[in-house]
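# Descriptive analysis of the structure
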Amino acid sequence: MSNVPSYFIDFLRNIRITESQVQDCKNGHSTLRDRLLKDEDLKDIVVATFLQGSYRRSTAIRPFEDRRKSDVDIIIVTNLDRNKITPREALERFRPFLEKHYKGKYKPQGRSWGIELSYVQLDLVPTSAPSEALKQLVKSASVSTDQTLEEARDWRLSLSWRSGKSLGAILEKAGDEQWRNEPLWIPDREAQEWHKTHPLAQIEATQRKNAACNGYYLDVVKCLKWWRTTQRREPKYPKSYPLEHLCCINCADGIQSVAAGVVSALEGIRDVYRTDVEQKRTPRVPDHGVPEHNVLGRVSPDDFVAFHEHITEAAELARRAYNEEDLHESVILWRQLFGDRFPDPPAKKDDGNGESPDKPGGYTPRKNVSIIGGGRFA
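Everything in this summary refers to the structure shown in the same document. Because the structure is a prediction, the values reported are computed rather than measured. (Residues numbered from 1 in each chain as written. Predicted model: local features only at pLDDT ≥ 70, side-chain atom pairs only at ≥ 80, totals over all residues. Heavy atoms only, no water.)

## Digging into the overall build of the chain
As a reminder, the rule being used: The helix and strand labels rest on DSSP assignments: H or I over at least four residues marks a helix, E over at least two residues marks a strand, and numbering proceeds from the N terminus. Note on exposure labels: buried denotes an accessible area under 20% of the residue type's maximum, exposed denotes more than 50%, and partly exposed covers the range between, all computed with a 1.4 Å probe on protein chains only.
For the chain, the count of helices and strands is 14 helices and seven strands. Counting across all 378 residues of the chain, residues that qualify as buried make up 54%.

## Section: the nonpolar core
We apply this condition: Buried Ala, Val, Leu, Ile, Met, Phe, Trp, Tyr and Cys residues that are joined via side-chain atoms within 4.5 Å together make up what is termed a nonpolar core. Between two residues, a contact is recorded if the distance between any of their heavy atoms is within 4.5 Å.
Counting 75 residues, the largest nonpolar core has Phe8, Val138, Val262, Trp334, Leu337 and Phe338 as its most contacted members. Among the elements that take part in this core, helix α13 (residues 301-323) stands out by supplying 10 residues, more than any other. The residues touching Val262, leaving out its near neighbours within four places in the chain, are Val220, Cys223, Leu224, Ala318, Trp334, Leu337 and Phe338. Core analysis: the next-biggest nonpolar cluster, separate from the first, contains 27 residues, Leu36, Leu42, Leu122 and Leu124 among them.

## Here we look at the side chain of Glu267
Mapped onto the elements of the fold, Glu267 is located in helix α11 (residues 258-272). Setting aside chain neighbours within four positions, we find Glu267 in contact with Ala315 and Arg319.

## Let's talk about the sheet that holds strand β3 (residues 106-108)
Put simply, the test is: A pair of strands counts as paired when DSSP detects no fewer than two bridges linking them. Axes, fitted as lines to C-alpha atoms, cover a helix only where it is in contact. Angles between the N-to-C directions of the axes lie from 0 to 180 degrees.
Strand order across the open sheet formed by five strands is β1-β2-β5-β4-β3, with mixed pairing between neighbours. The open sheet is flanked by β1 (46-52) and β3, the only strands paired with a single partner. Adjacent strand axes in the sheet meet at a mean angle of 25° when their direction is disregarded. With four bridges connecting them, strand β4 (residues 113-116) and strand β5 (residues 121-127) associate as antiparallel partners. Opposite Gly114, over in β5, you have Asp123 as the bridge partner. Against the sheet, helix α2 (residues 19-38) engages β1, β2 (71-78), β4 and β5, with an angle of about 170° to β1. This element, helix α8 (residues 199-212), spans β1 and β2 of the sheet and lies at about 35° to β1.

## Concerning helix α1 (residues 5-15)
Across the 11 residues that make up α1, a large majority, nine, are buried. Buried residues belonging to α1 abut α9 (217-230), α11 and α14 (327-338).

## Thoughts on the environment of Leu36
For Leu36, the position within the fold is in helix α2. Considered as a pair, Leu36 and Ala48 are 12 residues apart in the sequence and their alpha carbons are 9.1 Å apart. If sequence neighbours within four positions are ignored, Leu36 has contacts with Leu42, Val46, Thr49, Ile76, Phe94, Phe97 and Leu124.

## A short note on the packing of aromatic side chains
Using the following cut-off: Ring pairs are drawn from Phe, Tyr and Trp, using the six-membered ring of Trp, whenever the two centres fall within 6.5 Å, and their geometry is named by plane angle: stacked under 30 degrees, edge-to-face over 60, tilted for the rest. Working rule: Lys NZ or Arg CZ, within 6 Å of ring centre, within 35 degrees of ring normal, means a charge sits over the ring.
Enumeration over the complete set of coordinates arrives at 12 aromatic pairs. Arranged with centres 5.8 Å apart and planes meeting at 50°, the rings of Phe304 and Phe307 form a pair that is tilted. Linking Phe304 with Phe307, this pair stays in helix α13, spanning three residues, or about one helical turn. In this pair, the class of Phe304 matches that of Phe307, namely buried. Feature note: the residues Phe8, Phe11, Trp334, Phe338 and Phe342 constitute an aromatic cluster, connected by ring pairs. Sitting over the ring of Trp185, Arg82 keeps its end group 3.9 Å from the ring centre.

## With respect to the pairing of β1
Counting buried positions along β1 gives seven out of seven residues, so the element sits mostly inside the fold. Bridge count for β1 against β2 is six bridges, and the pairing is antiparallel. What sits directly across from Leu51, in β2, is Ile74.

## Overview of α8
The condition that has to hold: To estimate how far a helix should reach, multiply one less than its number of residues by 1.5 Å.
In this model, α8 (14 residues) spans 20 Å end to end at C-alpha, consistent with the 20 Å of a helix rising 1.5 Å per residue. Among the 14 residues of α8, 11 are classified as buried, and the element is accordingly described as predominantly covered. Those residues of α8 lying buried are Pro199, Leu200, Ala201, Gln202, Ile203, Glu204, Ala205, Thr206, Gln207, Lys209 and Asn210. A positive backbone phi angle near 60° is found at Asn214, which sits one or two residues after α8.

## Section: the environment of Leu137
Of note, Leu137 is situated in helix α6 (residues 132-138). The exposure class of Leu137 is buried, given its relative accessible area of 3%. Residues Leu137 and Leu157 lie 20 residues apart in sequence; the distance between their C-alpha atoms is 8.6 Å.

## Some points on the state of the cysteines
Cut-off, in case you're wondering: Note that a disulfide, as used here, is simply two cysteine sulfur atoms within 2.5 Å.
In the structure shown here, the tally under the stated rule is zero disulfides. Cys251 takes part in no disulfide bond, and the closest cysteine sulfur, belonging to Cys213, lies 4.3 Å away. By relative accessible area, which is 3% here, Cys251 ends up buried.

What follows is the structure, given as structure tokens:
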């Protein structure tokens, strides 16, 4: 088995959101959240706001080709009673605010408002009134923080969490656990129904999985999202969060490298859903916090079968790359899987060009075992 951690460092550097894009995200969501909390017309209904989605979970990848801007999802926890107000009415409560601050830049979406700025895309997602216990939690630092999971490595979903402070000796309050059984409700404009969602459970599940995977899980997800986005773009679904969820439940705990996690996740997805594919059906995959919600509910059986064929092919290629003893050959196989953002292989000693395998062009020297940066938890 070849030792390729430094190649994955360079690969991840090539597919992560850049520092400039991260700053664009921060500028966009900070301004929006600040305006929401200060708006005179909304101050009586907005309880709190928080970040969700791949940006918050640190599983986002760099925008590719037609998606040249990063996106950030902002949950607005309100005190709107879903038993007294329709989904459309709830969403329309935010139109005057959007007209005032984002005129010509917003549009209605099925369950949210989309805001298209020149440097970032924002999704504004209202939710109905939660219980008093959940209101207390969403106002806490652990929920309202603007830090991602990679930025706040000690993050815990808790009333007592504070950024940068060790909480090992702090006892959790008994009420902290109540949120687990209480999802939020989001309005579906087209279906005219309120639907359950539990973004806090998704964030916490991601944090727990990353810790169980020695901090490598977030980068495993980025690698497989990049593969799906750039190398196997059809069928359209599943991708994004459903793909991330499949990685979460199929990647083995205790992995010791990103490469090992990639192989484990691909082989897990291939093996676990083999029977579903043979019977040409879409698997039922319960969501975090809302088990009655099938993460793959919008994926047709034909699309899942086609997706599974891609996974099977990728699992075989990843396994060959992982097991390959020769570094040059291993890197070539990883490039076949991930494309040209994965670094070039080192030159072979006997390639006739006088090159040494320890002299890769333009990338981190491969003489020492490297440590994958970002997303590592204690």
